[in-house]
Structure formats: structure tokens, C-alpha cells
Amino acid sequence: MLDNQYFWFKRQTDKQFIQKIEQHFSLDRLTSTVLAGRFSSVPLIEDFFSSDLNKLVDPSRLDQIELLKKRLISAIDNQEKITIYGDYDADGITSTSILLKTLQILGARVDYFIPNRFRDGYGPNKFVYQQLIDTGTKLIFAVDNGISGFDAVDLANRNQVDVLIADHHQLPKKLPNAKAIIHPDLSDDYPFKNLSAAGIAFKVSKYLLGTQKARQFFPLVAIGEIADVMPLINENRILIQTGIDLIKSGENKGLQEVIKRADLKLESLTAQDIAFKIAPRLNSLGRMADAGIGVELLTTDDSDKVSEIAKQVEHLNKQRQKEADKIYRIASRQVSPQENNIIIVSGENWHEGIIGIIAGCLSAYFGRPAVVFSVKNGIAKGSARSTGDFDLYKVLDRARDLYISFGGHKQAAGLSLKASDLDRLDKILNADDYHFSVGRLAIDAVIKAGDLSIDSFKQLSKLAPFGEGNPEPIFDLDDVELVNLRILGSDKKHFKLKVNGFSGDILFFNRPDLIGKLQLGERLSIVGTLSLNEWKHRQSLQIIGKDIRSENRIPDRNSFSRIYHYYCAKNVLYSPNDFFQKVFLELGFVRIVNGVVFVVPEAKHAELSQSYTYRKRAENGY
């Protein structure tokens, strides 16, 4: 028996507005309901659907872009060496590639530098700047970094080398003394503030080359924008949709090869494919090795070289997945599920390129902020991820005196300190009693199995591309009976459910905790998104589950007794939304050790009503 892991809430809709959308846009009821819950007027929906490139904001409205152009043209005319200084993630790789190709078209003497995460760190590095200057660079163009590089820019200025910056990260209190800075937040006349570095690089390219010549960079913009989790609204929606369409038409050899090796179907490529398959592959370069080859992959026309680099990308991505799985298994055993504190885990020589992924996974699974450290030579380098709306940066800032380095924002941070200070850090961060809110799922519509069809899925697909700011529609398949259940995968982490009234499959991925928690005949409500499964030229609708809960009434005492004895006899995995486990944990009847449930023989007698979870279900029915 399961409780929902997240808090479900339904978007508010108005029946008359739904009917108005149906008539105006010739859409079905389900798609119109989704739109009614997300928009307040027909004109806003019309803007949402528009993919007119003429609606893109003119780059001339970016402050200092003319100054940047003049300095670049001067460098090109005088054949000064220009070095583009990028970043090692997918947005940094794509934005560097856009600017490199742009300046090559203009005849510039141009090179690029992508920092190594482990050797150079993020952002402007004074030692690297000096090396670039010593080897003849006369103009440094920093993209996807630089806005906080005050000292590095000053060093360049002292060497009579100008620095141009195109960045989108949070503005510091003190701006660097660069020759020109392109940043949406510094441009009062530029209305859209949510461009990624690739989006800004495209704007610069369009300003320098014109629309027609810059058109080739739309696919790279789409990758960078999606990889950096920019909201898929306004300008970004147009940029990304156009980019995906051009990728499908065969633009960019490097992307084509990555897509082929990722076993994706080009003709049906989606923003989700980019987010979960393409972006991680590009990011794996910076996490596992050196991201510089990513720029070569995206800018070369040499087919042999493209094939060779794409093969490396695939290898590094598999290596990243393997390393992440290994570290996560070790790290998760250090977590006490029944506690309600900030998770702090560490390990000797854990891969520094992976710890951010591990922190995010731990935070998502346990519903608490997580800080993961890799310890080498007495120094602990950490990556932190928050949950919900908890301001983790503010709490981490309490221990600033302990840090060798520290930076970040509300949801994520990076830090380093002496390994001997980790216990002190734990005491400082967990000095308070926290109550972390569970994640929230916005339900676009509560549906019955008969409401779903392949036609309704195709109508919903008109709302794509989906991503940040425009999430896939989420539906609550309400009160259905479980008629079949299969465990999938050699590692037994995935599940396929069948319910009455819905002919398709319901899939839950990476949920080993569901083993033994569901019973045939049980009534369930399932929250998830729709997708289309294609097999041997046949299509079927399926649901990708995000959460699940039992709709059965509260179990009797015999059920609790049966489950208790089952725990005594079996090594049962901990599940954060197992109703019985939550009740027994709250009563002190069980404890969790290394992710496994163990009965506490010495536990004192307690009534079920002393459990908050039990009382909640008894009073509310869920």
C-alpha cells in the first residue's frame, strides 16, 4: 500500500474558457483544458503558438552590442589573435561553437579555450588568461562566464589585452572592467531576460552576420538553451522549435552523429530527447575528461573526425553513468531515511565531475537537501543541491569561515574545505530542526481511462517543445484497478502496470522500492505524462508514471501484523512513500540501515493512532 510521494494539486480551470479555446483553436477538450490551466486569455495562447522568427527581439536592443562589434571588426581588420574563452558544459560548448564559426566566417584569426573542470575550474582563471596573453592573444571573448571575473579582466587590461563578455549568470555587486559586456540584465531595452549563453551568442552572431548566415546556428541554440534548463517560453520557444526543426532536416554533422549513436529517431526528435539524451552526452565531456573536443565536434565538417569524437562522447557518457551508479549506491547507504536533516555524505577520491549528479539524485529520492563531497589529500570538494523552495545557499553561508572556496545560489552550490572540518560543517548546517516540504506536482487534468487516445496525444503534442516553463502535461488517472504487474530490466528497477479501462502500459522507471508494495485488484490513482510507443510499425499510447497512491481504505490491524512479520523475515528495501513503512518508522517499530528495513525488537508498545501518517489517512482517506 502506497501513499503519494509528492503533493498533488490541480491547476484551476474555467469551463467557459475551455470551450472558448476549443472553438477558437479547433482543439479537443483535453488539450484545451491544459491550456486553460496555464493561460488566462486567448491572445496569450496565440503568442504561445506563434513560431514567427520576426517576433524575435532585435539584437541591437542589447546594450553595448555595437561597441562589441566595433572591437571585433577592429581585431579582424588588424588580424589580432582572438581567443574565445568558454565553459565546459553543453551551453558553454554550444555558445563557444557559435562564436567560433561566426568569427571564422568574418575572416578572424580566432582560437578557443575551454577550461578543464579539474585543472582550471569554472570561469576566468588568471593563470590561463596570462598563458593566453603570453601566446599572442590580443582579445579575449568570454562566453557563458566572465561576469564575475573582475581580477582576471584587470590582469588582461594591465597587459593591454581587451576582454569582451557575453554572459547570462547572476550579476555580481562589482562588474569587471571589460571592453564590452553583453548581458540581458544590463540591457533595459531588451525585454526577455532568460536567454542561455547559446541564445546570447546567437544574438551576437545575428548582429554580426545577419539573419540568413546566422540561421545555421539554430540547432546549437536549441541544445544550449535546453541543456541549461532555460524556460521554454517567449523567444526561447521560437529559438528551440526552429532549432529542432533544423536538426531534423540534417543540419550540423556533429549533432547528427551524436543523435545516431544515442539511438534516437531523428524524425521524431523532441526537447526531452535533447534534455535527457543529447545534453548529458555533451556534459559528460566536461565531467569525465576535457570538453574542448565538444567544440571541434560541433564545428568540423570532417566526417572521419566527427565519427571519432562522437565515439569518444558515447564512451565517456557510459563511463559517467557507470561511475554515477557506483557512487550513488555507496553514498545512499550513508543516509538515514528517518532523519529530517540536510544530507552530508563524503567519500575518498569520488569523481569530482559526478558529485553534483549524486547530490541531485539523493535530494530527489530522500526529499532533503544534499551535499556530496569528494575527499583528496585532506581537502573535501563538494557539490550541493536543494529541494523544493528551501534556500540552501543561505544555510551553507553560515559556515563560510570554514570554506576554502564557496559559490552558488538558492538551489545549488559548490564549496571546498578541509576534510577535518566536515563534522563541524554538519553541526553548523544541522543545528536547526528543519521541515522540508515535499515536491509538488501540478496536475493539468484529472482523467478517466476512456479520455485517452492516440488522437488526444497528437493534439497535446501541439504544445511542444516541453521543458522548463512549459512542462509536459501531467494527468491524474483516477481510481483504476490494477490487473497486471511486471518487473522489467536485469536490475529489477522498472515496472510495467496494466489497469482496467486503459489498453496501454503504465511505466515506472528506477523505482525498485515498489517491489512488493502493489497488489493485484488494488485501486490506484496514477499521476504521469503521456507518450507514444512505436513497435514494429504499430503505435500504442502509454503513461510514464511520476507518482502513485492507493485509493483503498485504511488497512486493518491484521494487515499491519502481516506486513510486520514480512519485514521480520525479508530484507525489504526502504521506500519513501510506503504507507506501512512510514507508520512503523513514526512508531519506532523499524529502522533503516543501508537502505533496508529492519524490525526493532526492543521497540515500546504504541497505538497506530500515534502515527501522523496513519491518522492522516484515517481522517482524509489518503
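Structural data are supplied above this passage.
Just so you know, these numbers come straight off a predicted model, no measurement behind them. (Residues numbered from 1 in each chain as written. Predicted model: local features only at pLDDT ≥ 70, side-chain atom pairs only at ≥ 80, totals over all residues. Heavy atoms only, no water.)

Participant: Hey, could you go over the nonpolar core for me, with residue numbers and the actual values?
Facilitator: Core analysis: the biggest nonpolar cluster contains 110 residues, and L72, I82, F141, I278, L297, L362 and Y567 have the highest contact counts within it. Apart from residues no more than four positions distant in its own chain, L72 is found in contact with I82, L103, L139, F141, L164 and L208. Of all hydrophobic cores here, the second largest spans 39 residues; its members include F17, F48, F457 and L497. (Core = buried A, V, L, I, M, F, W, Y, C linked by side-chain atoms within 4.5 Å. Buried < 20%, exposed > 50% of the residue type's maximum accessible area, 1.4 Å probe, protein only. Contact = heavy atoms within 4.5 Å.)

Participant: I'd love a proper account of the environment of D391, names of residues and values included.
Facilitator: Along the polypeptide, D391 turns up in the loop between β9 (379–385) and α17 (392–396). By relative accessible area, D391 is classed as partly exposed at 30%. Between the C-alpha atoms of D391 and Q411, which are 20 residues apart in sequence, the distance is 6.5 Å. Among the polar contacts listed, one links the side chain of D391 to the backbone nitrogen of Y393, at a separation of 3.4 Å. (Helix = DSSP H or I, 4+ residues; strand = E, 2+ residues; numbered from the N terminus. Polar contact = N/O pair within 3.5 Å; in protein donor to acceptor, adjacent residues only side chain to side chain.)

Participant: Explain the packing of helix α10 (residues 218–227) against helix α11 (residues 234–248) to me, using residue names and the numbers behind them.
Facilitator: Remark: α10 packs on α11, axes separated minimally by 7 Å, with the N-to-C direction vectors making an angle of 125 degrees. Comparing the axis directions of α10 and α11 gives the class oblique. In this structure, α10 crosses over α11, and the sense of that crossing is left-handed. Contact residues: F218, P219, V221, A222, I223, E225 and I226 in α10; N236, L239, I240, T242, G243, I244, L246 and I247 in α11. Considering only residue class, the contact of α10 with α11 consists of 11 nonpolar, three polar and one charged. (Axes fitted to C-alpha atoms, helices over the stretch in contact; angles between N-to-C directions. Parallel < 35°, antiparallel > 145°, perpendicular 65-115°, else oblique. Left-handed = near helix turned anticlockwise from the far one by under 90°. Nonpolar A, V, L, I, M, F, W, Y, C, P; charged D, E, K, R; others polar.)

Participant: Kindly report on the pattern of salt bridges, identifying the contributing residues and their values.
Facilitator: Within this structure, the stated rule accounts for 28 salt bridges. We note a salt bridge from E22 to R29, for which the minimum N-O separation is 2.7 Å. What you see here is one network of salt bridges that share partners, running through R11, R38 and D444. (Salt bridge = Lys/Arg side-chain N within 4 Å of Asp/Glu carboxyl O.)

Participant: Break down the environment of P219 for me, citing the residues and quoting the values.
Facilitator: Following the sequence through the fold, P219 ends up in helix α10. Owing to a relative accessible area of 0%, P219 belongs among the buried residues under this scheme. A C-alpha to C-alpha distance of 9.2 Å links P219 and Q241, two positions 22 residues apart in sequence. Ignoring sequence-local partners within four residues, the contact set of P219 consists of G243, L246, I247, E251 and L255.

Participant: Outline the packing of helix α21 (residues 579–587) against helix α22 (residues 612–620), supporting the account with residue identities and numerical values.
Facilitator: Across the interface, α21 lies against α22 with an axial gap of 7 Å and an inter-helix angle of 130 degrees. Considered as vectors, α21 and α22 are oriented oblique to each other. On α22, the residues that touch F579, K582, V583 and E586 of α21 are Y612, T613, Y614 and R617. Across the contact of α21 with α22, the residue classes tally to four nonpolar, one polar and three charged.

Participant: Help me get a handle on α11, residues and values and all.
Facilitator: Between its first and last C-alpha, α11 extends 22 Å over 15 residues, near the 21 Å set by a 1.5 Å rise per residue. The buried fraction of α11 amounts to 11 of the 15 residues, a majority that puts the element mostly inside the structure. Listed as buried for α11 are E235, N236, R237, I238, L239, I240, T242, G243, I244, L246 and I247. Buried-residue contacts for α11 involve α3 (42–49), α8 (197–209), α10, α12 (253–261) and α13 (271–288). (Expected span 1.5 Å × (residues − 1).)

Participant: Please give an account of unusual backbone geometry that cites residues and values.
Facilitator: In this structure, P465 follows A464 across a cis peptide bond, with omega equal to 5 degrees. One non-glycine residue, S26, lies in the positive phi region at around 55 degrees. The topology assignment puts S26 in the loop between α1 (15–25) and α2 (29–38). The exposure class of S26 is exposed, given its relative accessible area of 56%.

Participant: Any details on a negative patch on the surface? Residues and values, ideally.
Facilitator: Among the surface-exposed residues, D301, D302, D304 and E308 lie close enough to one another that they form a single negatively charged patch. Relative to the elements of secondary structure, D302 occurs in the loop between α14 (292–299) and α15 (303–332). (Patch = residues over 30% accessible without salt bridge, like charges linked within 9 Å, V, L, I, M, F, W, Y side chains within 5 Å. Areas by Shrake-Rupley, 256 points an atom, 1.4 Å probe, with all protein chains shown as cover. Lys, Arg positive; Asp, Glu negative; His and termini not counted. Charge placed at Lys NZ, Arg CZ, Asp CG, Glu CD.)

Participant: Which residues make up the packing of aromatic side chains, and what values do they have?
Facilitator: Summed over the entire model, instances satisfying the criterion amount to 24 aromatic pairs. For the pair F48 and F49, a centre-to-centre distance of 5.4 Å together with 65 degrees between the ring planes defines the contact as edge-to-face. For F49, a relative accessible area of 26% gives the class partly exposed. On the basis of an interplanar angle of 45 degrees and a centroid distance of 6.5 Å, the ring pair of Y566 and Y567 is categorised as tilted. Under the relative-accessibility criterion, Y566 is labelled partly exposed at 39%. One aromatic cluster in this structure is built from F560, Y564, Y566, Y567, F579, F580, F584, F589 and Y614. Over the ring of F48 we find R237, and its NZ or CZ is 3.8 Å from the ring centre. The positively charged end of R440 is found above the aromatic ring belonging to F9, 4.4 Å away from the centroid. (Phe/Tyr/Trp six-rings, centres within 6.5 Å; stacked < 30°, edge-to-face > 60°. Lys NZ or Arg CZ within 6 Å of the ring centre and 35° of its normal.)

Participant: Please give an account of the pairing of strand β15 (residues 494–499) that cites residues and values.
Facilitator: Along any regular strand, the residues point their side chains to alternate faces of the sheet. Both strand β14 (residues 475–488) and β15 contribute to a ladder of six bridges, which runs antiparallel. The residue of β15 that forms the bridge with R486 is K496. Hairpin geometry of β14 and β15 is characterised by an intervening segment of five residues between the two adjacent antiparallel strands and by a positive phi of about 90 degrees at G489. Looking at chain direction, β15 and strand β16 (residues 506–508) are connected through three bridges and run antiparallel. The partner of K496 across the bridge, within β16, is L507. Between β15 and β16, which pair antiparallel one after the other, the connecting turn spans six residues, and G501 there sits at a positive phi close to 90 degrees. (Pairing = 2+ DSSP bridges.)

Participant: Tell me about the sheet that holds strand β7 (residues 343–348), and name the residues and values.
Facilitator: One open sheet accounts for five strands, arranged β7-β8-β9-β11-β10; its pairing is mixed. Both outer strands of the open sheet, β7 and β10 (403–408), are each paired with one neighbouring strand and no more. Between one strand axis and the next, the sheet turns through 15 degrees on average, direction left out of account. Where helix α16 (residues 355–366) meets the sheet, its contacts fall on β7, β8 (370–376) and β9, and the angle it forms with β9 comes to roughly 45 degrees.

Participant: Tell me what's going on with the pairing of strand β4 (residues 137–143), and back it up with residues and numbers.
Facilitator: With six of its seven residues buried, β4 lies for the most part within the structure. Since β4 and strand β5 (residues 162–166) lie parallel, the crossover through helix α7 (residues 150–158) that links them has a hand, and here it is right-handed. (Right-handed = clockwise from strand over helix to strand, strands pointing away.)

Participant: Account for the side chain of T613, naming residues and giving values.
Facilitator: Among the structural elements, T613 can be located in helix α22. Within the local environment of T613, its side chain forms a polar contact with the side chain of E586, the two groups lying 2.6 Å apart.

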